[in-house]
Amino acid sequence: MTVNLEVADGVGTIRLDRPPMNALDIATQDRLRELAEEATRRDDVRAVVIWGGEKVFAAGADIKEMQVMDHAAMVVRSKGLQDAFTAVARIPKPVVAAITGYALGGGCELALCADFRIAADNAKLGQPEILLGLIPGAGGTQRLARLVGPSRAKDLIFTGRQVKADEALTLGLVDRVVPAAEVYEQAHAWAARLAAGPALALRAAKESVDAGLETDIDTGLTIERNWFAGLFATEDRETGMRSFVEEGPGKAKFR
């Protein structure tokens, strides 16, 4: 398999495994969607790490595969491409990308689907599709602009240039830069910490932020209000408040 899901201690690792560069061909895209949907369904997966291994996250789409496709073929395939990445973005649990080496084109777009991005100090990110006479097609024009702002997104998309980890951090494209040998360890620790938290509240927080970004402030506040009130029906809310009153903050053990 070109993508695998391994689960331990509440953390599901979606591991890209298509040497040497984890090129995202159609089979890999479809497998990615399947595993994102599986991670969504499984109760034993409470947080997710997306990882390409020690050397490379994903260097982009499989250009040789795309080269032989005409307009009609891509009209049919483009939705499947976007659906695979959207499935990752819509995992209703905390998701962190552990980025080593190259995260270019589709690889960068996959990282954009995560809630948090930890990059190796040797990582390089970018959207080089313009150099092929194309634009990003797996969400890059939309998610990148929402993350770093339209002018910075246009700079990266218009030029196709690659940015090193330190610039990516400055741009807000990644959230933390660490030595390459520590990327997965730190990503897993971030996920494990959240896996021990209140699952429904984390889901509510993620959906409130994500859905709110797609709408006006009043609608966003309504989404937040409904989730906030709804959480008062959960066992986790009872546990958290009781623990706070009896033991102080930060000591609740959520089931």
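## With respect to the sheet that holds strand 3 (residues 47-51)
Then, in step 1: Taken in spatial order, the six strands make up an open sheet running 1-2-3-4-6-9, and their pairing is mixed. This sheet does not close on itself; its edge strands, each paired only once, are strand 1 (3-8) and strand 9 (176-178). Within this sheet the neighbouring strands show an average axis-to-axis angle of 20°, counted without direction.
Then, in step 2: Strands strand 1, strand 2 (11-16) and strand 3 of the sheet are contacted by helix 1 (residues 26-41), whose axis makes an angle of about 20° with strand 1.

## Looking at the packing of aromatic side chains
By convention here, two paired aromatic rings are described through the distance between centres and the angle between planes.
Then, in step 1: Taken as a whole and assessed by the stated rule, the structure comprises three aromatic pairs.
Then, in step 2: Judged by centre distance (5.1 Å) and plane angle (5°), the rings of phenylalanine 116 and tryptophan 190 are stacked. Taken together, the residues span a long stretch of sequence, with phenylalanine 116 in strand 6 (residues 116-120) and tryptophan 190 in helix 8 (residues 183-195) at a distance of 74 residues.
Then, in step 3: Using a relative accessible area of 17% as the deciding quantity, one classes phenylalanine 116 as buried.
Then, in step 4: Its relative accessible area of 18% is what places tryptophan 190 among the buried residues.
Then, in step 5: Arginine 15 extends its terminal NZ or CZ atom over the ring of tryptophan 51, reaching a point 5.1 Å from the ring centre.

## Things to note about the layout of surface pockets
The rolling of a water-molecule-sized probe over the atoms marks out the regions of remaining empty space.
Then, in step 1: Estimated volume of the second largest pocket: approximately 370 Å³.
Then, in step 2: Along the walls of the second largest pocket sit 19 residues, with Pro198, Asp236, Gly240, Ala252 and Phe254 positioned nearest its centre.
Then, in step 3: A class-by-class count of the residues in the lining of the second largest pocket yields nine nonpolar, six polar and four charged.

## A look at the pattern of salt bridges
Then, in step 1: Applying the stated criterion across every chain yields a total of 15 salt bridges.
Then, in step 2: The partner of glutamate 167 in a salt bridge is arginine 161, with the nearest N and O atoms 2.7 Å apart.
Then, in step 3: One salt bridge in this structure joins arginine 255 and glutamate 235, with 2.9 Å as the shortest N-O distance. Pair noted here: arginine 255 is in the segment after helix 11 (235-247) and glutamate 235 is in helix 11, with a separation of 20 residues, a long-range link.
Then, in step 4: The class for glutamate 235 is partly exposed, based on a relative accessible area of 40%.
Then, in step 5: If you follow the salt bridges from partner to partner, you end up with Arg18, Asp25 and Asp62 in one network.

What counts as what
Residues numbered from 1 in each chain as written. Predicted model: local features only at pLDDT ≥ 70, side-chain atom pairs only at ≥ 80, totals over all residues. Heavy atoms only, no water. Pairing = 2+ DSSP bridges. Helix = DSSP H or I, 4+ residues; strand = E, 2+ residues; numbered from the N terminus. Axes fitted to C-alpha atoms, helices over the stretch in contact; angles between N-to-C directions. Contact = heavy atoms within 4.5 Å. Phe/Tyr/Trp six-rings, centres within 6.5 Å; stacked < 30°, edge-to-face > 60°. Buried < 20%, exposed > 50% of the residue type's maximum accessible area, 1.4 Å probe, protein only. Lys NZ or Arg CZ within 6 Å of the ring centre and 35° of its normal. 1 Å grid on protein atoms, 1.4 Å probe; cavity = no way out; pocket = protein on both sides within 12 Å on 5 of 7 lines; lining within 4 Å. Points joined across faces, edges and corners; volume = space filled by probe spheres on them. Nonpolar A, V, L, I, M, F, W, Y, C, P; charged D, E, K, R; others polar. Salt bridge = Lys/Arg side-chain N within 4 Å of Asp/Glu carboxyl O.

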